[in-house]
Every structure is written in structure tokens, then in C-alpha cells.
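Here is how the chains run, residue by residue.
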Amino acid sequence: MMKRAIYLIVLIPFLLIGCANNQDEQQVTTEVNSISTNETPSYYQGYLDNPQVTNDQSLQEVGTTIRDVKGEVTLNDINKESQTVKIGAIELTIREAKALHFKPDYGLIDFFHSYTHDQEFDFVKVFVEIKNTSNQNLKFAPISLVHTSAGEQKTWEDDIYLEELNGEIPANETKKGNLGFIIEKSKIDSFEITTSDVFNEQDKTLDDAEKLKIKF
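Since the model is a prediction, treat every value here as computed from it, not as a measurement.

A. Local environment of the overall build of the protein chain. Helices and strands together make up the secondary structure of the protein chain, namely two helices and 15 strands. Taking all 216 residues of the protein chain together, 51% fall into the buried category. Sequence-distant contacts in the protein chain: of pairs separated by 6 or more residues, those separated by 24 or more amount to 68%. Total accessible area on the protein chain is roughly 10,500 Å²; 46% of this is exposed by carbon and sulfur atoms.

B. Region of the structure containing the pattern of salt bridges. Scanning the model with the defined rule gives eight salt bridges in all. One salt bridge in this structure joins glutamate 96 and lysine 125, with 3.6 Å as the shortest N-O distance. Separated by 29 residues along the polypeptide, glutamate 96 in strand S5 (residues 90–104) and lysine 125 in strand S6 (residues 121–132) bring together distant segments of the chain. Residues glutamate 96 and lysine 125 agree in their burial class; the two are buried. In this structure, the salt-bridge partner of lysine 139 is aspartate 203, at a minimum N-O distance of 2.9 Å. Of this pair, lysine 139 sits in strand S7 (residues 138–140) while aspartate 203 is found in the loop between strand S13 (198–199) and strand S14 (205–207), placing the two residues 64 residues apart along the sequence. We classify lysine 139 as buried; its relative accessible area is 16%.

C. Looking closely at the pairing of strand S11 (residues 174–183). Across the ten residues of S11, eight count as buried, placing the element largely inside the fold. Inspection of the sheet shows S6 paired to S11 by ten bridges, in the antiparallel sense. In the sheet register, aspartate 122 faces S11, and the bridge partner there is isoleucine 183.

D. Main features of the sheet that holds strand S12 (residues 190–194). Strand order across the open sheet formed by four strands is S9-S8-S12-S15, with antiparallel pairing between neighbours. With partners counted over all chains shown, the strands left at the sheet margins are strand S9 (153–155) and strand S15 (211–215), one partner each. Adjacent strand axes in the sheet meet at a mean angle of 20°, parallel and antiparallel pairs treated alike. In this sheet, S15 lies alongside S12 in antiparallel orientation, the contact comprising five bridges.

E. Seen up close, the nonpolar core. Grouped together as the largest cluster of nonpolar side chains are 27 residues, with contacts concentrated most on Leu92, Ile94, Val126, Val128, Ile130 and Phe191. The biggest single contributor to this core is S5, with five residues. Setting aside residues no more than four positions away along its own chain, phenylalanine 191 makes contact with Ala97, Val124, Val126, Val146, His147, Thr148, Leu212, Lys213, Ile214 and Phe216. Among the nonpolar cores identified, the runner-up in size contains 20 residues, and Val53, Leu59, Val73 and Ile160 belong to it.

F. Here's a closer look at empty space enclosed by the protein. On inspection of all chains with the given rule, the structure shows three cavities of 30 Å³ or more. Reported here for the second largest cavity is a volume of approximately 60 Å³. In terms of residue class, the lining of the second largest cavity is made up of four nonpolar, five polar and four charged.

G. Region of the structure containing the packing of aromatic side chains. If you walk through the whole model with that rule in mind, you get 14 aromatic pairs. Centre to centre, the rings of tyrosine 43 and tyrosine 44 are 5.4 Å apart; their planes meet at 35°, and the pair counts as tilted. No difference in accessibility class separates tyrosine 43 from tyrosine 44, as the two residues are buried. For the ring pair phenylalanine 112 and phenylalanine 121, a centre distance of 5.2 Å and an interplane angle of 50° mean the geometry is tilted. As far as the burial class goes, phenylalanine 112 and phenylalanine 121 line up, both buried. An aromatic cluster of at least three residues, connected via ring pairs, comprises Phe102, Phe111, Phe112, Tyr115, Phe121, Phe123 and Tyr161.

About the thresholds
- Residues numbered from 1 in each chain as written.
- Predicted model: local features only at pLDDT ≥ 70, side-chain atom pairs only at ≥ 80, totals over all residues.
- Heavy atoms only, no water.
- Helix = DSSP H or I, 4+ residues; strand = E, 2+ residues; numbered from the N terminus.
- Buried < 20%, exposed > 50% of the residue type's maximum accessible area, 1.4 Å probe, protein only.
- Contact = heavy atoms within 4.5 Å.
- Areas by Shrake-Rupley, 256 points an atom, 1.4 Å probe, with all protein chains shown as cover.
- Salt bridge = Lys/Arg side-chain N within 4 Å of Asp/Glu carboxyl O.
- Pairing = 2+ DSSP bridges.
- Axes fitted to C-alpha atoms, helices over the stretch in contact; angles between N-to-C directions.
- Core = buried A, V, L, I, M, F, W, Y, C linked by side-chain atoms within 4.5 Å.
- 1 Å grid on protein atoms, 1.4 Å probe; cavity = no way out; pocket = protein on both sides within 12 Å on 5 of 7 lines; lining within 4 Å.
- Points joined across faces, edges and corners; volume = space filled by probe spheres on them.
- Nonpolar A, V, L, I, M, F, W, Y, C, P; charged D, E, K, R; others polar.
- Phe/Tyr/Trp six-rings, centres within 6.5 Å; stacked < 30°, edge-to-face > 60°.

No statement about biological role is implied by the geometric values presented.
Pasting the structure below:
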């Protein structure tokens, strides 16, 4: 828990600077991923399993369930349509989005108590790729805010995966991984994410945040 607290403190200065929306100028490209039932998508190649959330890579059909030592996860809904948006030199791709139900193993209950006191819960998650196309190090968070169609709001601090996707991304490099947020109202048909602004190493804003809507 101390590691998580330190990590969040480090991120606060640049994540809270601004979440302006340039939706009118936003250019989003979409692509439908052709994935067979229970086939692990190719974009997961090289991804290391998360230490606290059951691996859901092969869950591609609504209603299917996977169990492992971390617990049991069931797929409630899925969007396989990739979305790519360019925010200055940052290229952000949402590879897939899912709504899931999770029953953590007893040994992980204490970890999740910092997010919820429920023994099992629903959450939404996205698998993202973040590419820095410039020749300078940048600072960026793929999700600063989440708004669901049921009216819930979550912030970057509520992410349960903690895969260090927020923060500095070196020049010409790519990060990929999951971000997930526990929701109280499970019946949703969409959610909207707001990114952070893009900053340089001196925390100067280079480009304003963007919004992407994900439908189920």
C-alpha cells in the first residue's frame, strides 16, 4: 500500500493541471478487431500478467468466466473496436474495452479494500497502447477521468491495475497495459474517458486533453 501511495503522490502535479477538451479538433480512427471466441488478441503479446487482477485476455464472449489463483472474472460486455487518437506527439490507442465482474481470491481482499468493501464487484477496463512519436520525453496519462452512462465518475487514482501507464514516456517509445475502475452501477451501455494533458519534462503543457466515448 505504501508503494501505491508514493506512486500517486508523484503523479499528482501533472495530472491535476488540466483536463481541457478539444473534441472539435479531435481526430479518432477506429478499427474492428477480428478475434475469435477465447482467442488471445495479438496486441497482448509481451504483456505481463497483472499481480492482483485475473488475466482476462482470452475472454472474448459475453458470459464466459475464467478462474486463476487471483480469483474469478466474468465478462459482462465487450467492445472490440480499436480507437486511436493523436494528442500532439502522443498516439493513444484503446485496443479493447470490457465490463467485468470479479471475485478476488481471499488473499487479495485487503488490497481491494482501498477501493471497495464489497467481496466481489463490477469494473470497467481498457487495454491501451501509448506511443510517444517525438524525440523528447513526455508526461501523459491515458485516463484522468472516467464517466459512465449511469452517472458515476472515477479518477486516475481509482485505477486498480497500477501498471505505471501514467507519467513519463521516453522519446519514440511505447507503453501498453490495462487500466480498470470499479463501478457501483453495473448496468451501463457506455463510458467516456478523459485523458490528461501532454506535458514536457518541465511540466509545461504542450497539448490539451481529449475525450473518447466507448460504447457497449
